[in-house]
Protein chains: 6
Amino acid sequence: MRVVISIGGSVLAPELDARRVEGHASVVENLAREGCEIGAVVGGGGVARDYIGAARDLGANEVQLDQIGIDVTRINARLLIAALGPRVDPKVAHDYEEAGDAIRRGDISVMGGVMPGQTTDAVAAALAEYVDADLLVYGTSVNGVYSSDPSADDGAEKYDELSASELVDVIAPMSRDAGASAPVDLLAAKLIERSKVRTIVLDGTDPGRIERAVLSGDHDGTNIVP
Amino acid sequence: MRVVISIGGSVLAPELDARRVEGHASVVENLAREGCEIGAVVGGGGVARDYIGAARDLGANEVQLDQIGIDVTRINARLLIAALGPRVDPKVAHDYEEAGDAIRRGDISVMGGVMPGQTTDAVAAALAEYVDADLLVYGTSVNGVYSSDPSADDGAEKYDELSASELVDVIAPMSRDAGASAPVDLLAAKLIERSKVRTIVLDGTDPGRIERAVLSGDHDGTNIVP
Amino acid sequence: MRVVISIGGSVLAPELDARRVEGHASVVENLAREGCEIGAVVGGGGVARDYIGAARDLGANEVQLDQIGIDVTRINARLLIAALGPRVDPKVAHDYEEAGDAIRRGDISVMGGVMPGQTTDAVAAALAEYVDADLLVYGTSVNGVYSSDPSADDGAEKYDELSASELVDVIAPMSRDAGASAPVDLLAAKLIERSKVRTIVLDGTDPGRIERAVLSGDHDGTNIVP
Amino acid sequence: MRVVISIGGSVLAPELDARRVEGHASVVENLAREGCEIGAVVGGGGVARDYIGAARDLGANEVQLDQIGIDVTRINARLLIAALGPRVDPKVAHDYEEAGDAIRRGDISVMGGVMPGQTTDAVAAALAEYVDADLLVYGTSVNGVYSSDPSADDGAEKYDELSASELVDVIAPMSRDAGASAPVDLLAAKLIERSKVRTIVLDGTDPGRIERAVLSGDHDGTNIVP
Amino acid sequence: MRVVISIGGSVLAPELDARRVEGHASVVENLAREGCEIGAVVGGGGVARDYIGAARDLGANEVQLDQIGIDVTRINARLLIAALGPRVDPKVAHDYEEAGDAIRRGDISVMGGVMPGQTTDAVAAALAEYVDADLLVYGTSVNGVYSSDPSADDGAEKYDELSASELVDVIAPMSRDAGASAPVDLLAAKLIERSKVRTIVLDGTDPGRIERAVLSGDHDGTNIVP
Amino acid sequence: MRVVISIGGSVLAPELDARRVEGHASVVENLAREGCEIGAVVGGGGVARDYIGAARDLGANEVQLDQIGIDVTRINARLLIAALGPRVDPKVAHDYEEAGDAIRRGDISVMGGVMPGQTTDAVAAALAEYVDADLLVYGTSVNGVYSSDPSADDGAEKYDELSASELVDVIAPMSRDAGASAPVDLLAAKLIERSKVRTIVLDGTDPGRIERAVLSGDHDGTNIVP
């Protein structure tokens, strides 16, 4: 089974903590040991937020801020690589061809962001499409896709299952404001719809949940079905 | 005035025709002569459509199709460069830094696509943001933004002016189906909203309209105001 | 057996046609299945001709025209890659080291053009030399090497066998005019002479002929012997 | 006057603070306005230290740690670039040729680290050598070169002036232990000796001191004379 | 006037000698001072010959030998750059776009070889074509184009003037054997024919001859006229 | 066992001689056959010295001289590659990631220099650190580490064994003058100290000594122990 795992910045590195990275590395290694081919895409987390805040104060434009964010995701990717054993490609993949190449040769590949204007959510969806993944898992800080922002709306309902186009419909209005409330961003949702890759959105704070979801399909999040 | 001009594939190269490319080059040169700093972003057109069709028949996935599309846009960029005089950077810019660098040094810069998952609409918006453009012009095959697809819905109404967030609201449902009906794609609309760059969407079939819109603000399309 | 196959643009893509590409891909895969290590070099075909015509009208110089031609050959290479199964390196090789590296690791490698001033004929000969190929096959639109242009001269005689230096002698005067009449170009002929790689020039319109020539040595074209 | 300014990580970014970066940017701009050609090299600071600590806990080797450090210095370089006006090359220079090229064209160039095994101290010295700088200034967290570590040894004496080879002699034993006590590292000292560039080591916490030292030669640090 | 100067390896560096390089640098600088835009292409000389001999003994194939030759030409290019003043682009151009870009910005650009299978003769012709040069000068070790090899055939006649297609006709048979006797190689001749750039072949041992030929048209070599 | 072998320029190529290169290649192949994973780093030798001398006469600065030296080491690396059989990565590795990647995939990797300011001694130490080598061997022109320069001081004593920090202490003063007398340079010594890789310094003129030292630990040089 070929799996792309997106580990959000708020999950991997809300602040720098070797233990948390180690937990995720250990899940990735277990999955590889069980025979999965794995591409991992990591987000930026707290350091990205701090740098972007400082750069915005200094007058950087949005593309420059995106580039700083990408740089930080790639350092986070180095951390995850350091924590993974000999089966990981030691280079951070900078585009889909590099990642796909490493996976073809039997390595685990780790990416961060790729280009301004795309979040790592979208990178994970594009990588899943590029390598014809069987499964795409988003480990986020909320436990699935809700009808509205659960932290703001008590009546928000969690979906157990959505089609990819329903996902786009749900996400589109959320991403209208601030954007923070959508568990995956709109471009990612549209790529999932296009690629028809089976997708799970779940709470990745405890990395063990990702492992169980991949191996047994057992999870409390939301299934996105083609 | 710093201007980014997006010349859609259906406008620049519905099929290959040196005269049409020349017309667009001549507008770009006139604008440069009037003192504009210019970044041009060109689309894929008919050749891209043919190649993508053939590659899809051969089993290429969507990312591979995007890459073929990007390659074709870059050949189209070479055509536009060939038609431009000595003020153009003879290299096709492959990312925003290269384009921005050329513009800073006083050259006209021409780009095609950049990365899978992003249309050249989005590239133009990101470039406008990166170079802090004063104006972004989309030369498309329809003459502005409509409330719905004018070719399918007789009651479709054209907007003379929209805010950037209204643009996103109008575009979002259109991009739900086939996607062909939106004059600019959703990611582009969201980047315009983020960057607050003044934007015009107009019919670029006659390149003279782009020139007039930039120099005098006179056009029949839609103004997107920050 | 290590084989380099040159598939001329007029053979692979006189116009875009997925079926024709598929036919060539299937031959390459059969050969790989029979144990051949394969490098394939593809030409530009009709799209290249159209683009180069348009660019020439726009005032592009010959080097710029060559670059456009190279770009198109590389898109054609993407088509062939899309049609090939998992044994192909999904990246188009941009130089001999990349192609040689992929072949060493057991992949089929596909290239287009490399540099202005060299046709894909010459690229195929240089690749054959670089990887110490046992056999180089040119699939062209004529069925071998003739003493003069068979479409212009009724008395043109086909050679069954030539030494590499005889090939150079035959090709040199043909490439004096228009150049269209030589089945492989002069630089390629000189590289074949230098490298002493056994070479076959045959009609590649029916890709099955390439397969038979490689596997059984059976063909109606011309053998170039060291 | 061509000047290379090394802004240590502990000076530019002990922790992330837009104001501090702004102060250094403003000095660089003032110097450029006074006619100086400027290359700036920035260090890693607190974020580098945190990431390196985490990566070491995860089993990264020293070269991997260096690479993470380099990545962070380059993000810091982006911050400084964001704070500088239109005269800065917006790209972070990744090697001496890129930086030298930008400076030749009249831009301010900003670099971080270059390669594992070299600190940004050494990068600044190599850049000064490469561009034949008239002056190299190290803005560090101590106010000059001492005979021993002033924070550990009350009898440490500050040098007002040293020859470059005396500098090497002073630095060599300091860099034997922990390495933290030397104001510039040994490789940097040896490059200064080799290049014979006039050098000042001073306390850069207040960026105004760097400006005064460059413009008037007035400072409380240590002069290294060829 | 835009001029491309090819300085053969046997002329620039039969063996390493700083004085000889300096002589050529001084001519290039004089020409630049007179208002010429200049691209210089240098050959490999004695060091290339020695390395290629050793590599051939070790079993390297012809493409590997070419790559070693290219590497040496690029070191020779570094020597020439070192000898040129501030108007030279300090980077060795690795392809035509880099060289063309430097020349457009007012720099002298220096190249060596580009790709296996092409001599620096051909590189100079391609560069002349790419930058639309007014004049291409080959400084070789013989004083023009002869009807046959003057060192072997007492009846060899020197041409004062040849058309580009006559040049190809003269060169073609010479390049049949050993290849050493042709003053420029066949691919170069064909590129000159294609590009229609005015060309001079002369004895470059005394660099002053190149200067006079460019500035006054006065020389004892052979004029190749379009 | 993973081994990094540094073959000094004065050992591999005091002057160009295919036989000497062949001798070293044969040792590397024997070691690979015995199961060693091998990274080889080669120096510049006589050609580097000649080029650097000429460039210095022409006014090149030290960074430019270093770059010329690096270029020559990489040509020497091509020679060694040509002499090695099919188990070598045919590309010269330009950084530690490339070399490490090749070694991970089972190839022998060959490097020359990497960056100005670092000798190939330091490159070998950094590569050993990067790939977590079990052993680092310096094949130099002297037979070990001495208390002072044996060619200048009759009382110089050879060490059979040193700790890495003792090595730094011994090397530091030697590298104060001319630098020629130290068998490995100071930066290399400090990297060895940091990485704790077991290291042997021996006379590599006869390559068989390197083979015996790796396979049996038997040698007349100096052991550097962590």
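Computed from a predicted model, the values in this text were never measured in an experiment. Per chain, residue numbering runs from 1 following the sequence as it is written. As they are written, the chains are lettered A onward and the ligands numbered 1 onward, keeping that order. A pLDDT threshold of at least 70 governs which residues receive local features in this predicted model, and a stricter bar of 80 or more applies before side-chain atom pairs are shown or counted, although totals over entire chains, interfaces and linings include all residues. Remark: hydrogens and water are excluded; side-chain values derive from all non-hydrogen atoms of the structure.

Undergrad: Mind showing me how you'd approach the packing of helix H3 (residues 45-57) of chain A against helix H4 (residues 62-83) of chain A here?
TA: Residue and element names in this part refer to chain A. Packing of H3 against H4 brings their axes to within 9 Å, and their N-to-C directions diverge by 155°. By the criterion of interaxial angle, the relationship of H3 to H4 is roughly antiparallel. Both H3 and H4 take part in a crossing whose hand is right-handed. Listed contacts from H4 to Val47, Ala48, Tyr51, Ile52, Ala55 and Arg56 of H3 are Glu62, Leu65, Ile68, Gly69 and Val72. A per-class count over the contact of H3 with H4 returns eight nonpolar, one polar and two charged. Note on geometry: axes are lines fitted to C-alpha atoms, helical ones only across the stretch in contact, with angles between N-to-C directions running from 0 to 180 degrees. Strands are runs of DSSP state E lasting at least 2 residues, helices are runs of H or I lasting at least 4, and numbering of each runs from the N terminus. For classification purposes, an angle smaller than 35 degrees is called roughly parallel, one larger than 145 roughly antiparallel, one from 65 to 115 roughly perpendicular, and anything else oblique. Handedness of a crossing is defined here by the sense of rotation of the near helix relative to the far one, left-handed for an anticlockwise turn of less than a right angle and right-handed for a clockwise turn. Working rule for contacts: check all heavy atoms of both residues, and any pair within 4.5 Å makes them a contact. Residue polarity follows a fixed list, in which Ala, Val, Leu, Ile, Met, Phe, Trp, Tyr, Cys and Pro are nonpolar, Asp, Glu, Lys and Arg are charged, and the others, Gly among them, are polar.

Undergrad: How should I be thinking about the interface of chain A and chain C in this particular structure?
TA: Listed by partner, the interface residues are five residues for chain A and nine residues for chain C. In what follows, salt bridge is the name for a side-chain nitrogen of Lys or Arg lying within 4 Å of a carboxyl oxygen of Asp or Glu. If you look at where chain A meets chain C, you find four salt bridges. Put simply, Asp101 of chain A and Lys91 of chain C hold a salt bridge, and the shortest N to O gap is 3.4 Å. Polar contacts, as counted here, are pairs of nitrogen or oxygen atoms within 3.5 Å of one another; within protein the pair requires one atom able to donate a hydrogen and one able to accept it, and residues that are adjacent in sequence qualify only if both atoms are side-chain atoms. Connecting chain A to chain C are four residue pairs in polar contact (both at pLDDT 80 or more). Classifying every residue of the side of chain A that touches chain C gives one nonpolar, no polar and four charged.

Undergrad: Looking at this structure, I do not really get the pairing of strand S6 (residues 199-203) of chain D. What am I missing?
TA: The side chains of a regular strand alternate between the sheet's two faces. Residue and element names in this part refer to chain D. Within S6, five of the five residues are buried, which leaves the element mostly enclosed by the surrounding structure. Each residue gets one of three labels from its accessible area relative to the maximum for its type: buried under 20%, exposed over 50%, partly exposed in between, using a 1.4 Å probe on protein chains only. Burial along S6 is two-sided: the face carrying Thr199, Val201 and Asp203 and the face carrying Ile200 and Leu202 are both buried. Strand pairing is assigned whenever DSSP detects at least two bridges linking the two strands. Sheet topology places strand S4 (residues 135-140) next to S6; five bridges connect them, and they run parallel. The partner of Tyr138 across the bridge, within S6, is Val201. Pairing of S6 with strand S7 (residues 222-225) involves three bridges; the strand directions are antiparallel. The residue bridging Val201 from the neighbouring strand is Thr222, located in S7.

Undergrad: Honestly, the interface of chain B and chain A in this entry has me stumped. Any pointers?
TA: The interface of chain B with chain A comprises 29 residues on the first partner and 29 residues on the second. Contact between chain B and chain A buries roughly 2,400 Å² in total, counting both sides, with carbon and sulfur atoms accounting for 56%. Counting across the interface, chain B meets chain A through four salt bridges. The shortest N-O distance in the salt bridge between Glu62 of chain B and Arg194 of chain A comes to 3.7 Å. Along the contact surface separating chain B from chain A lie eight residue pairs in polar contact (both at pLDDT 80 or more). The set of elements that each furnish at least two residues to the side of chain B that touches chain A consists of helix H4 (62-83), helix H5 (96-104), helix H6 (120-130), helix H7 (164-174) and helix H8 (186-195) of chain B. The element that contributes the greatest number of residues to the side of chain B that touches chain A is H8 of chain B, accounting for six residues. Within the side of chain B that touches chain A, the residues separate by chemical class into eleven nonpolar, seven polar and eleven charged. A quick way to say it: buried area is the sum, across both parts, of accessible area lost when two parts are put together, with a 1.4 Å probe.

Undergrad: Would you take a moment to explain the relation of the copies chain A and chain C for this structure?
TA: Note on the chain copies: they are related by a rotation about an axis and a translation along it. Note on the copies: chain A fits chain C at an RMSD of 0.0 Å, the axial shift is 0.0 Å, and the rotation between them is 120°. Put plainly, the chains are arranged around a three-fold axis. Closest approach to the rotation axis within chain A is made by the C-alpha atom of Arg105 of chain A, at a distance of 5.5 Å. In this assembly, only 20% of the residues forming the interface of chain A have copies in chain C that are likewise at the interface, indicating a heterologous arrangement. Superposition of the copies was done by least squares, using only C-alpha atoms of residues whose pLDDT is at least 70 in both.

Undergrad: Is there a simple way to think about the pattern of salt bridges in this case?
TA: Side chains that carry opposite charge are capable of pairing whenever their charged atoms lie near each other. Applying the stated rule across the entire model yields 102 salt bridges over all chains. Two residues, Asp66 of chain D and Arg194 of chain F, come together in a salt bridge whose shortest N-O distance is 3.1 Å. Within this pair, whereas Asp66 of chain D is found in helix H4 (residues 62-83), its partner Arg194 of chain F is found in helix H8 (residues 186-195), the two belonging to separate chains. Residue Arg194 of chain F is classed as partly exposed on the basis of its relative accessible area, which comes to 27%. In this structure, Arg20 of chain F engages Glu15 of chain F in a salt bridge whose closest nitrogen and oxygen atoms are separated by 3.5 Å. Judged by relative accessible area, Arg20 of chain F falls into the partly exposed class, the value being 24%. When its relative accessible area of 45% is taken as the criterion, Glu15 of chain F is described as partly exposed. When salt bridges that share partners are traced, they join Asp89, Lys91 and Asp107 of chain A together with Asp101, Arg104 and Arg105 of chain F into one network.

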